[in-house]
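What the coordinates show
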Amino acid sequence: MSDELGLDEMSLTYYEVEYLPFQTLLYDIGAVDGQIFYDLGCGVGKALVAASLSGIRFMKCIGVEILPSLSSTAQAIVN
């Protein structure tokens, strides 16, 4: 997959989001109610869930994932 996209393996490295530090980050960067939260390279959607539970009322939380295995896992979790 990475060869087809012209990407190296490091560009497709997956890291987990920890809820409390991520929530602090959202507040520190000034996220407020009514904004749209985008997660590019969302993996299975952990940051999307953390954003939706942060207390900030985002209008939408949208995740984009290029790796089919992570994307299908995220879709299965939602459904």
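This write-up is about the structure you can find in this document. Just so it is clear, the structure is predicted and the values come from calculations on it, not from any experiment. (Residues numbered from 1 in each chain as written. Predicted model: local features only at pLDDT ≥ 70, side-chain atom pairs only at ≥ 80, totals over all residues. Heavy atoms only, no water.)

1. Some thoughts on helix α2 (residues 19-28)
Given 3.6 residues to a turn, an α-helix orients residues that are three or four positions apart in the same direction. Of the residues making up α2, those classed as buried are F22, Q23 and L26. Axial view of α2: buried residues confined to an arc of 100°, hence all on one face. Of the exposed residues in α2, those oriented more than 90 degrees away from the buried face are L20 and D28. Of the surrounding elements, those touching the buried residues of α2 are β1 (36-40) and α3 (46-52). Phi for G30, located one or two positions after α2, is positive at around 90°. (Buried < 20%, exposed > 50% of the residue type's maximum accessible area, 1.4 Å probe, protein only. Helix = DSSP H or I, 4+ residues; strand = E, 2+ residues; numbered from the N terminus. Arc of directions from axis to C-beta. Contact = heavy atoms within 4.5 Å.)

2. What about the packing of aromatic side chains?
Two descriptors summarise a pair of aromatic rings, namely the distance from one centre to the other and the angle between the planes of the rings. Applying the stated criterion across every chain, the model contains two aromatic pairs. For the ring pair F22 and F37, a centre distance of 5.9 Å and an interplane angle of 85° mean the geometry is edge-to-face. One end of the pair, F22, is in helix α2; the other, F37, is in strand β1, with 15 residues separating them in the sequence. For F22, a relative accessible area of 13% gives the class buried. (Phe/Tyr/Trp six-rings, centres within 6.5 Å; stacked < 30°, edge-to-face > 60°.)

3. Examining the pattern of salt bridges
The final tally for this structure, using the stated rule, is two salt bridges. Across the salt bridge formed by K46 and E16, the nearest N and O atoms sit 3.2 Å from each other. Residue K46 is found in helix α3, and its partner E16 is found in the loop between α1 (2-5) and α2; the two are separated by 30 residues along the sequence. With relative accessibility at 40%, the residue K46 sits in the partly exposed group. Between R57 and D33 there is a salt bridge, and its shortest N-O distance comes to 3.3 Å. Of this pair, R57 sits in the loop between α3 and β2 (60-64) while D33 sits in the loop between α2 and β1; the two residues are 24 residues apart in sequence, bridging distant segments of the chain. Judged by relative accessible area, D33 falls into the partly exposed class, the value being 42%. (Salt bridge = Lys/Arg side-chain N within 4 Å of Asp/Glu carboxyl O.)

4. Here's the deal with the environment of Y19
Position of Y19 among the secondary structure elements: in helix α2. Note on Y19: relative accessible area 33%, which makes it partly exposed. In this structure the C-alpha to C-alpha distance between Y19 and A47, which are 28 residues apart in sequence, comes to 7.8 Å. Discounting residues that sit within four places of it in the chain, Y19 has contacts with A50, L53 and S54. From its side chain, Y19 meets the backbone oxygen of L53 in a polar contact 2.9 Å long. (Polar contact = N/O pair within 3.5 Å; in protein donor to acceptor, adjacent residues only side chain to side chain.)

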